[in-house]
Amino acid sequence: MAANPTFKTPVIAQPNAELREKMEGMWSDPPTLHGWFGTTDHKKVGKRYLVTAFVFLLVGGLEALGMRLQLAQPNEHLLSPGLYNQFFSMHGFTMIFLYSLPILSGFSNYLWPLILGTRDMAFPRLNAFTYWVFLLAGIFLYIGFWGGKGTDVGWFNYVPLAERAYNPDWNVDIYSLGMIFLGISTTAGAVNFIATMFRTRAPGMSISRVPIMIWGTLVANVGILFAVPAVSLDFLMLWLDRRFGTQFFNPEMGGRPLLWQHLFWIFGHPWVYAIVLPAMSIVSQGLPVYCRRPLVAHPAVVLATILTMVLGFGVWVHHMFSTGLPVIAMGFFSAASFVIVIPSAVSVFAWVATIWTGRPVFTTAFKFFAAEIVLFVIGGVSGFMTAAVPLDWQLTDTYFVVAHIHYVLIGINVFPVVGGIYHWFPKMTGRMMDERLGWWNFWLMFIGFNLGFFPMHISGLEGMPRRIYTYPANLGWGDLNLVTTIGAFVFALGVLLFVVNVVRSHKHGALAPPNPWDADTLEWATESPPPSYNFAVIPRVATLHPLWEERLDGSWQSALNEGAVLDEEHEIPATTVLDAEPDAIMKMPHTTLAPISLALLIAGTFVGLLMSMWWVAAGCLLAMIPALLWWFWPSPEMGFAERARP
């Protein structure tokens with residue numbers, strides 16, 4: 001009887017030099033332009049996310065420095081009022097949409113398959129596609145700024161100010177279409193992360209053995225699937241109002257301006273958790289390594305992470321307390337905003353207990369992770385204060401809120417991200433970062449940040465409104481703003497030193513061993529940097545800490561040097577959702593230009609819509625049909641052709 005090509009039992013073996021050479025030839029991209037543009041390697045996609053997001057961080061940072069120079073003293077005229085409006089609007093959406101989440105997507109793209117003990121994401125082509133869409137959407141969002149037509153109504157884009165009657169130029173159109181464009185990348189990426197988590201874990205990595213870093217990103221991406229449609233719909237309705245004269249937000253024609261705010265903040269508040277929960281999980285993953293012990297209360301932190309995102313969908317109205325909503329609605333959402341502090345505090349107590357009961361090693365990464373705890377508490381307390389309706393009425397649209405959002409977004413995102421780079425840089429590059437430069441880097445960023453942003457609380461309490469171009473001298477805000485500006489430049493110097501350290505260490509850093517920090521999870525079980533195939537054989541996991549099993553208990557042993565070979569084409573095991581038992585072998589795609597081709601056609605569609613060149617938009621839409629056929633066409637490498645034979 002002929003063997004059934006659909007079913008096979010993988011060979012179990014230990015890796016050897018011959019196998020590694022075969023796998024490298026099979027999984028590595030060709031050293032050509034086709035290989036560069038067509039790669040689906042999650043590590044390369046992850047690095048591209050990291051670099052691109054960091055470039056956007058630097059651009060947004062330069063815009064912030066321009067604003068700080070303008071506000072350093074009363075009656076300054078460095079920027080015109082119109083240019084200042086563009087600076088704070090572009091700075092806001094750059095940091096929130098083009099840096100905060102994409103930088104975390106970079107970490108997750110690079111690390112997830114390694115932490116999960118597999119060879120790639122569940123949908124490698126979709127993974128590459130999300131990066132190209134993100135890059136093109138970022139360029140699209142900036143095309144107006146270089147021509148003096150950047151969006152200028154704030155990153156929240158409130159109507160009726162954003163309607164054509166008050167803002168007739170292209171700036172809001174670019175922002176509206178760009179956000180819909182960017183939403184395609186975010187949504188597709190979320191689907192890929194969820195599928196990867198539930199279907200590609202190493203055999204034996206049951207749901208209770210999933211590392212904490214995976215949980216943070218998973219929960220964030222589930223939230224994204226529910227949140228992003230609201231803001232995409234919001235921007236689509238605004239674009240229809242502006243381009244075709246619909247009246248969704250025009251009160252004179254029966255429209256509802258508050259509808260914009262509801263849809264925006266139904267998205268906006270969960271988005272805050274989407275860009276801090278993965279960063280918090282970086283701390284939860286990295287901090288215990290330097291404390292030489294597992295994270296305290298791991299299950300409670302996982303449950304608190306899930307609960308935080310769930311409650312995050314019930315607090316959006318606390319951004320709208322000053323809009324005149326019914327008292328009962330404000331009471332409900334005020335209470336929900338207080339309650340969400342409880343799961344957030346679980347992580348803080350778990351981190352503190354981990355440090356207290358551990359044996360901390362004070363590396364640069366540890367300092368950034370520990371600093372995040374301090375900044376998280378300050379940002380959390382200031383957010384807790386605005387949950388009270390009467391106090392929120394006093395603080396709305398003041399610099400107190402500006403201080404709060406920066407303690408949240410920089411304190412809980414940028415500090416863990418920089419700490420994460422120091423932690424995983426050896427894995428990504430095979431070289432160590434300079435700890436002496438890291439010492440200076442950390443203290444400049446920590447002192448500069450607090451010097452720059454803590455005084456904003458006082459400026460806000462003294463009544464300084466946000467989004468003002470300048471202020472008269474007799475209001476007494478000059479000294480506080482000068483201190484803030486000095487702090488901002490010290491912080492920027494720290495960021496510059498970080499960039500110098502990355503570039504210098506990438507070329508001249510000491511060579512890194514596979515596990516320089518003596519960490520516990522699977523990404524440290526392979527070489528630094530990992531080969532193109534990640535693992536020559538698929539590991540089998542027996543505990544939550546596969547590299548610490550001997551020192552913790554020893555009664556359970558993971559199999560890290562013996563496992564399924566899977567050396568026919570690009571193969572990875574698919575495992576069951578809860579217990580991670582092997583139940584299929586998935587064929588993964590090779591290098592392909594289909595993702596970038598489809599992304600370019602989508603970009604062409606949005607350019608056509610922006611320019612009202614309908615034939616361009618229609619042509620690009622039609623061209624997507626053969627592009628999608630190319631994407632999904634059955635191929636022998638994916639195993640479809642063999643199954644089709646009689």
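Residues numbered from 1 in each chain as written. Predicted model: local features only at pLDDT ≥ 70, side-chain atom pairs only at ≥ 80, totals over all residues. Heavy atoms only, no water.

Details of the overall build of the chain
Broken down by element type, the chain carries 20 helices and 5 strands. Relative to a compact globule of 646 residues, whose C-alpha radius of gyration would be 26 Å, the chain shows 25 Å and is just as compact. In terms of overall dimensions, the chain has a C-alpha envelope of 85 × 65 × 50 Å along the principal axes. Of all 646 residues assigned to the chain, the portion counted as buried reaches 59%. Counted over contacts in the chain with a minimum sequence separation of 6, partners at least 24 positions apart contribute 81%. When the accessible surface of the chain is totalled, it reaches about 25900 Å², and 70% of it is carbon and sulfur. (Helix = DSSP H or I, 4+ residues; strand = E, 2+ residues; numbered from the N terminus. Rg over C-alpha atoms; globule rule 2.2 N^0.38 Å. Buried < 20%, exposed > 50% of the residue type's maximum accessible area, 1.4 Å probe, protein only. Contact = heavy atoms within 4.5 Å. Areas by Shrake-Rupley, 256 points an atom, 1.4 Å probe, with all protein chains shown as cover.)

Examining the side chain of Arg201
Residue position: Arg201 is located in the loop between helix H6 (171–199) and helix H7 (212–244). Buried and without a salt bridge, Arg201 has Asp579 as its closest oppositely charged side chain, separated by 7.0 Å. A distance of 2.7 Å separates a polar side-chain atom of Arg201 from the backbone oxygen of Met205. Engagement of the side chain of Arg201 in a polar contact is seen with the backbone oxygen of Leu578, the distance being 3.3 Å. (Lys, Arg positive; Asp, Glu negative; His and termini not counted. Salt bridge = Lys/Arg side-chain N within 4 Å of Asp/Glu carboxyl O. Polar contact = N/O pair within 3.5 Å; in protein donor to acceptor, adjacent residues only side chain to side chain.)

Some thoughts on helix H9 (residues 298–312)
Helix length check: H9, at 15 residues, gives a terminal C-alpha distance of 21 Å against a target of 21 Å (1.5 Å per residue), a fit within 8%. Restricting attention to buried positions, one finds in H9 the residues His298, Val301, Val302, Ala304, Thr305, Thr308, Met309 and Gly312. In an axial view of H9, the angular spread of the buried residues amounts to 165°, which keeps them on one side of the axis. Of the exposed residues in H9, those oriented more than 90 degrees away from the buried face are Pro299, Leu303 and Val310. Residues of H9 that are buried make contact with H7, helix H8 (257–291) and helix H11 (341–357). (Expected span 1.5 Å × (residues − 1). Arc of directions from axis to C-beta.)

Let's talk about unusual backbone geometry
At the junction of Val159 and Pro160, the peptide bond is cis and its omega measures out at 5° in the coordinates. Take Pro160: it is sitting in the loop between helix H5 (124–146) and H6. The phi dihedral of Asn157 is positive, around 60°, even though this residue is not glycine. Residue class for Asn157 comes out buried when judged on its relative accessible area of 0%. With a phi angle near 70°, Asn534 is a residue other than glycine that sits in the positive phi range. Secondary-structure assignment places Asn534 in the loop between helix H16 (478–508) and strand S2 (538–540).

A few points about the pattern of salt bridges
Summed over all chains, the structure comprises 15 salt bridges. Notably, a salt bridge pairs Asp41 with Lys43, separated by 3.2 Å at the nearest N-O pair. The same class applies to Asp41 as to Lys43, namely buried. A cluster of three or more residues bridged by salt bridges with shared partners is formed by Arg164, Asp173, Arg242 and Arg243.

Things to note about a nonpolar patch on the surface
On the surface, a nonpolar cluster with roughly 730 Å² of combined accessible area is contributed by Trp439, Trp440, Trp443, Ile447, Leu451, Leu482, Val483 and Ile486. When contributions to the nonpolar patch are tallied by element, the ones reaching two or more residues are helix H15 (435–461) and H16. The greatest single-element share of the nonpolar patch, amounting to 5 residues, is contributed by H15. (Patch = residues over 30% accessible without salt bridge, like charges linked within 9 Å, V, L, I, M, F, W, Y side chains within 5 Å.)

Here's the deal with the nonpolar core
Phe97, Phe107 and Phe415 are the most contacted members of the largest nonpolar core, which totals 180 residues. When residues of this core are assigned to their parent elements, the largest contribution, 20 residues, is made by helix H4 (residues 81–116). What Phe107 contacts, discounting residues up to four positions off in sequence, is Leu50, Trp112, Met213, Ile282, Val417, Gly420, Ile421, Trp424 and Met428. Counting 10 residues, the second largest nonpolar core, distinct from the first, contains Leu19, Trp27, Tyr533 and Ile572. (Core = buried A, V, L, I, M, F, W, Y, C linked by side-chain atoms within 4.5 Å.)

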